[in-house]
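Architecture at a glance
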Amino acid sequence: MRKPKPFAKPLYFTRPLLPDLNEYNRRLSQIWKSQWLSNFGKQHQELEKKLKIYLGHEQLVVMNNGTQALVLACKALELTGEVITTPFTFPATVHALSWNNLTPVFCDIDPETLTLDPAKIRAAITDKTSAIMGVHVYGIPCHVKEIARIAKEYKLKVIYDAAHAFGTQIDGTPIAAFGDITMFSFHPTKLFHTGEGGGLACRSRAIFKQATLLRNFGIVDEETVSSIGINAKLGEMQAALGIETLKLVTTERKKRKILFDHYQKRLAQIPGISLILTPQNVVPSYQYCVIRVDKKKYGKSRDQLHSLFREHNVITRKYFQPLCSNYTHYKELPSAKIENLPIANAAVKEVLVLPFYGTLSLQTVDRVCDMIEYWATV
Ligand SMILES: *Cc1c(COP(=O)(O)O)cnc(C)c1O
């Protein structure tokens, strides 16, 4: 096997979907003519309508970003005390709790799915617990049925962070159908994006109404302000970008499926490297392509692989290292102890997000796989 050559230009782990600039300009002209730049104008209305169809959820509230949406999800559900959550996530998940003066209670993850382990959720419940906040990490759904059962038994609310799960379905049911509220992020690193943006899918009509009010300062009408809302509005320019980007998502997912299947075929040959797969009954979002590196079998650690990639101009990501439970602000919590989270602390040393986006060629995937293959031998 030949020694791999570095890429001439950086090969990133993701690239944003960019719609046709002429189409986007057409929408900008409409906005200019309307002189309506925010506050639920025509673009916003059209985007929200189209997203409701794509996500298969009627009670959807589009917002300015996913983090703000999560903060408002806690607020809309009037959570108190403690919320059980995963350390294996992006900072936003846990910070959203802190912004609501809620105490995160870290719970360990399932070694296979890397989502909350239901058996350990039960053990983490106290009389202060008000909710469970799960993350469909890499688009792999949480154990939604078991979590629903636990929530019912203990009268807890359920929030899902579906930042990675745009378009995911479980047994044909859209992901937004599970939990009291599901959050989506429309950040450019996400499959679908609006530049910056996010949204909440709400199960109950009352919570949907509350989230809608909270997005706009709690303003009911010209004379009435009913709650301590905030500005979480998405502007017209971003909504317009979203409408054009949404047109590309179905094709993008098809392209990513082909790339993913190719990665799978190639990586299956390499001992110690395993691709994280979505379960058979799940329609994947194709948000990320993530491998786990078994140092004993592969001969090199994930960190070594990450550095070698860097030396060869391949920019991979160690999502989600460090674990949220190891941040300065959370590590003193009793639930943050490493002994409480052995699976998460071990898994986070093994995962690596590989280059994955529709415009990637199969040849490039082959070059990346050749590198992984070669480094196993030296
Ligand atoms: C991206 C992301 C968020 C935050 O969304 P923003 O729209 O960037 O605020 C939250 N949780 C997870 C798991 C994410 O990946």
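Now for a quick tour of the structure. These numbers were taken from a predicted model, which means no experiment stands behind them.

Our next topic: the site of the ligand. As a structural note, the neighbourhood of the ligand is formed by 15 residues, with Gly-66, Thr-67, Asp-161, Ser-185 and Lys-190 the closest of them. One nitrogen or oxygen atom from the side chain of Thr-67 is found 2.5 Å from an oxygen atom belonging to the ligand. Measuring from an oxygen atom of the ligand, one finds a side-chain N or O atom of Ser-185 at 2.7 Å. Out of a free accessible area of 380 Å², the ligand has 93% covered by protein chains. Sorting the residues of the shell around the ligand by element identifies helix H3 (66–76), helix H4 (91–98) and strand E8 (181–185) as the ones contributing at least two each. Looking at the shell around the ligand, its residues break down into four nonpolar, nine polar and two charged.

With that settled, the discussion passes to the packing of aromatic side chains. Think of a pair of aromatic rings as described by two things: how far the centres are apart, and how the planes are tilted against each other in angle. Evaluated as defined, the whole model comprises 18 aromatic pairs. Aromatic pair Phe-90 and Phe-320: ring centres 6.5 Å apart, planes at 70°, arrangement edge-to-face. Residue Phe-90 is located in the loop between strand E2 (82–85) and H4, and its partner Phe-320 is located in the loop between helix H10 (302–311) and helix H11 (342–347); the two are separated by 230 residues in the primary sequence. Of the residues examined, Phe-90 reaches a relative accessible area of 44% and is grouped as partly exposed. Ring pairing ties together the aromatic residues Phe-13, Phe-88, Phe-90, Tyr-138, Tyr-288, Tyr-319 and Phe-320, which thus form one cluster. A cation over an aromatic ring shows up here: Arg-367 above the ring of Phe-7, its NZ or CZ 3.8 Å from the ring centre.

For any two helices packed against each other, one specifies the crossing angle of their axes together with the interaxial distance. In the contact formed by helix H2 (residues 42–55) and helix H8 (residues 236–267), the axes pass within 7 Å of each other and the chain directions differ by 25°. Between H2 and H8, the angle is such that the two are roughly parallel. Judged by the sense of rotation from one axis to the other, the crossing of H2 with H8 is left-handed. Contacts between H2 and H8 involve Lys-42, Gln-43, His-44, Glu-46, Leu-47, Lys-50, Leu-51 and Tyr-54 from the first element and Glu-236, Ala-239, Ala-240, Gly-242, Ile-243, Leu-246, Val-249, Thr-250 and Arg-253 from the second.

Turning to the sheet that holds strand E14 (residues 289–293), a few remarks are in order. If you walk across this open sheet you meet the three strands as E12-E14-E15, and the pairing is antiparallel. Only two strands of the sheet have a single neighbouring strand rather than two, namely strand E12 (273–275) and strand E15 (351–354). For this sheet, the mean inter-axis angle between neighbouring strands, taken without regard to orientation, is 30°. Across four bridges, the pairing between E14 and E15 is antiparallel. Bridging from a neighbouring strand, Ile-291 pairs with Leu-352 of E15.

A few words now on the pairing of strand E5 (residues 157–161). Burial runs high along E5: four of the five residues are buried. Bridge count between strand E4 (residues 129–135) and E5: five bridges; the pairing is parallel. Bridged to Ala-131 within E5 is Lys-157. At this point the chain moves from E4, through helix H6 (residues 144–154), to the parallel E5, and the crossover so formed is right-handed. Bridging between E5 and E8 involves three bridges; their strand directions are parallel. Considered in E8, the bridge of Asp-161 is made with Met-183.

Reading the values: the criteria
Residues numbered from 1 in each chain as written. Predicted model: local features only at pLDDT ≥ 70, side-chain atom pairs only at ≥ 80, totals over all residues. Heavy atoms only, no water. Near = heavy atom within 4 Å. Polar contact = N/O pair within 3.5 Å; in protein donor to acceptor, adjacent residues only side chain to side chain. Areas by Shrake-Rupley, 256 points an atom, 1.4 Å probe, with all protein chains shown as cover. Helix = DSSP H or I, 4+ residues; strand = E, 2+ residues; numbered from the N terminus. Nonpolar A, V, L, I, M, F, W, Y, C, P; charged D, E, K, R; others polar. Phe/Tyr/Trp six-rings, centres within 6.5 Å; stacked < 30°, edge-to-face > 60°. Buried < 20%, exposed > 50% of the residue type's maximum accessible area, 1.4 Å probe, protein only. Lys NZ or Arg CZ within 6 Å of the ring centre and 35° of its normal. Axes fitted to C-alpha atoms, helices over the stretch in contact; angles between N-to-C directions. Parallel < 35°, antiparallel > 145°, perpendicular 65-115°, else oblique. Left-handed = near helix turned anticlockwise from the far one by under 90°. Contact = heavy atoms within 4.5 Å. Pairing = 2+ DSSP bridges. Right-handed = clockwise from strand over helix to strand, strands pointing away.

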